[in-house]
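Coordinate inspection notes
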Amino acid sequence: MTDQNSTVGQSADAVAPPPPRDRNWADAWRELKRAPLSAKFGLLVILVYVFVAFFAPVLTPYGESEVVGPAYDVWSDARPLGTDNLGRDMLTRLLFGARNTVGIAFVTTVLAFLIGGIGGIIAATLGGWMDQLLSRVVDILMAIPQLIFALLLLTIFGTSISNLVIIIAVLDSTRVFRLARAVSLNVVVMDFVEAARLRGERIGWITLREILPNILPPLAAEFGLRFCFVFLTISALSFLGLGIQPPTADWGSMVRDNATLITYGDITPLLPAGAIALLTVGVNFVVDWFLHKTSGLKDEH
Amino acid sequence: MVAQRLGLGLLTLFVVSLIIFLGVEALPGNAAEAILGQSATPETVAALERQMGLDLPPHERYVKWLGGIIKGDFGVSIANSRQISELIGVRLANTVFLALMAAIISIPLALVLGILAALHRNSLYDRAVNVVALSAVSFPEFFVAYILILFLAVTFGWFPSLANVGPETPFWDRVYRCFLPAMTLTLVVVAQMMRMTRAAIINLLASPYIEMANLKGLSRARVIVHHALPNAWAPIITVIVLNLAYLIVGVVVVEVVFVYPGLGQLIVDSVRTRDVPVVQACSLIFATTYVLLNLTADILSILTNPRLLHPR
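On a predicted model such as this, the values are computed, not experimentally measured, just so you know. (Residues numbered from 1 in each chain as written. Chains lettered and ligands numbered in written order. Predicted model: local features only at pLDDT ≥ 70, side-chain atom pairs only at ≥ 80, totals over all residues.)

**Describing the overall build of chain B**
A count of helical and extended segments in chain B gives 14 helices and zero strands. The helix and strand sequence of chain B, counted from the amino end, reads α-α-α-α-α-α-α-α-α-α-α-α-α-α. Considered along the principal axes of its C-alpha atoms, chain B spans approximately 85 × 60 × 35 Å. Put simply, of all contacts in chain B between residues at least 6 apart along the chain, 72% involve residues at least 24 apart. (Helix = DSSP H or I, 4+ residues; strand = E, 2+ residues; numbered from the N terminus. Contact = placed C-beta atoms within 7 Å.)

**Regarding the interface of chain A and chain B**
Contacts between the two partners involve 34 residues from chain A, matched on the other side by 40 residues from chain B. Counting only elements with at least two residues in the side of chain A that touches chain B, the list comes to α5 (128-143), α6 (146-157), α9 (203-239) and α11 (270-294) of chain A. When the residues that make up the side of chain A that touches chain B are grouped by side-chain class, the tally is 26 nonpolar, eight polar and no charged. (Nonpolar A, V, L, I, M, F, W, Y, C, P; charged D, E, K, R; others polar.)

**Regarding unusual backbone geometry**
Even without being glycine, Val 259 of chain B reaches a positive phi, approximately 45 degrees. Its place among the elements puts Val 259 of chain B in the loop between α11 (220-257) and α12 (263-272).

**Some remarks on helix α6 (residues 124-138) of chain B**
Residues and elements named next belong to chain B. Compared with the 21 Å implied by 1.5 Å per residue over 15 residues, the 22 Å span of α6 between its first and last C-alpha is a close match. Those residues of α6 not exposed but buried are Val 129, Ala 133, Val 137 and Ser 138. The buried residues of α6 occupy an angular sector of 165 degrees when projected down its axis, which confines them to one face. In α6, the exposed residues that point more than 90 degrees away from the buried face are Leu 124 and Ala 128. (Expected span 1.5 Å × (residues − 1). Buried ≥ 20, exposed ≤ 12 C-beta atoms within 10 Å, placed from the backbone. Arc of directions from axis to C-beta.)

**Remarks on the nonpolar core**
Judged by nonpolar contacts, the single largest core of 163 residues is most densely connected at Ala 150 and Leu 151 of chain A. Contacts of Leu 151 of chain A, omitting those with residues within four sequence positions, involve Leu 242 of chain A together with Ile 267, Val 271, Val 279 and Ser 283 of chain B. (Core = buried A, V, L, I, M, F, W, Y, C linked by C-beta atoms within 7 Å.)

**As for the confidence of the model for chain B**
All names here are of chain B. Put simply, chain B has an average pLDDT of 82, and 93% of its residues get 70 or more. Of all helices and strands in chain B, the one with the weakest mean pLDDT is helix α2 (residues 31-36) (64), whereas α12 scores best (89). Note on the complex model: pTM 0.83, ipTM 0.82. (pLDDT = per-residue confidence, 0-100.)

**Regarding the packing of helix α7 (residues 141-155) of chain B against helix α9 (residues 179-204) of chain B**
All names here are of chain B. Running from amino to carboxyl end, α7 crosses α9 at an angle of 135 degrees, the nearest separation of the two axes being 9 Å. Judged on the interaxial angle alone, α9 and α7 are oblique. The interaxial crossing formed by α7 with α9 has right-handed handedness. Side by side, α7 and α9 meet where Glu 141, Val 144, Ala 145, Leu 148, Ile 149, Leu 152 and Ala 153 of the first sit next to Leu 180, Met 183, Thr 184, Leu 187 and Val 188 of the second. Split by residue class, the contact of α7 with α9 holds 10 nonpolar, one polar and one charged. (Axes fitted to C-alpha atoms, helices over the stretch in contact; angles between N-to-C directions. Parallel < 35°, antiparallel > 145°, perpendicular 65-115°, else oblique. Left-handed = near helix turned anticlockwise from the far one by under 90°.)

**Some details on the environment of His 120 of chain B**
Residue and element names in this part refer to chain B. By secondary structure assignment, the location of His 120 is in the loop between α5 (84-119) and α6. Linking His 120 and Arg 220, residues 100 residues apart in sequence, is a C-alpha distance of 9.4 Å. His 120 has contacts with Tyr 125 and Asp 126, leaving out every residue within four places of it along the chain.

Encoded structure:
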């Protein structure tokens, strides 16, 4: 790890112009072709989900919460997956769910990385009392199980999408903080950071230009894992009826609303749950491959 | 070392209780207003506040709240004005029963699977188990639960899909009714424990004394079970205890799926009605269990490692 960081560090810090863009793309393409089957499968899954998320309204003739027929209608040509508990088209809501559920989880993860990543780098760069303060706060936040803490905070602040995003982002940023701090500590002691300090660069420059580029690979892998975790947490909360609220189409709440069908042997309610599972498996496969490629970093959960 | 860790654990518990208490302080309005509703006059609110002790300053109330909890008095629910300790009692026992049952099934299973995977490293079995484990970690709990319901309860009808147990349900009937929820929890935690067991053993297989054992001509199984396993206990115990901590939390979703009358169901219902004292009480119980289990994991890993037990 130290090895790799130092080589990456020197190349990032060098004055030489960056390699031309198209060579980067060619490299990436070659890597991709050599990727194991599981990683290719994972990438394909992610691409399909992103496509569906962007084009959901075009892919279906019905509206997101439009009532199109009787409740719990069976699968038919007009409505391939039948209707849900209120007579809304199941396939339509499944497609829109890609946009809502995945979108919200993505925004939450980005927010968690902004909070945790910046906090972690600052703690590692400044050290001293700032590091102590931030680290102890994170220790305390991590002492309470995440789901329970989220439930407590949702009771206090009420259930809304913005509250949900902020609460989960803050709670999840603790793990990002730990990782960002740990990998930054390895970089902070390098000579090129010392040189930047002696040049009199400001803390913002050191953080963004010297440290950040060198800790990106482990952070990128962590982004995948944290996304899965956030995605599962939000789905669990929605399933409990405390996350994304109706009439927004969301996979967790769709399972909850239609769960009765399972007792009649109908698998329709399993589809949104399967959609969640498929995406997390896909992301995990890609992250696994990425970790293998970049470093010997182990995943924690 | 152990004493220091114990002290730190107690401090954590104190801070956690403080957070749970203070979080509620941040609420606009208070419990008295919530109970009396919109139409309450300021006088009735003030009277109820006095009766509930809400007119005291925060630190005195915190001491009173914590003192009450230590004696088993969690206060009164806003939603139905019942004693919270009464609501919690049976449900806590139910939740502990379910978590224990899952633990009793999953721990031996994970150990055996992990040891077998280490024994037949890189075989087809090893790789298959790994893929299944990786997938199981990424499935949402309710997905696993509903798949089990679909197959074992609906298609074959072997087990009930609802785990409705009462206080007078006989023991074996209770075990039977809890089988599917316990199975769900097992599937969710076994993967992690199994992977850790395998990794801990494989880590040791490179050490010289294992090579010595191999050179003596001992069988592979004997080398792993008698030579590698004793030294792998520390990380394995840690991961087992951490997974027990996870069980306590994972129980929330599973209880809702199977309509099991446990603490998880209670906290979810209370969050929905914003019954703050009940959520507070449940969070405190969950958080305390979690902190204590994490503490146990730390202390066990110190106790099982002579190098940590006698630091230079």
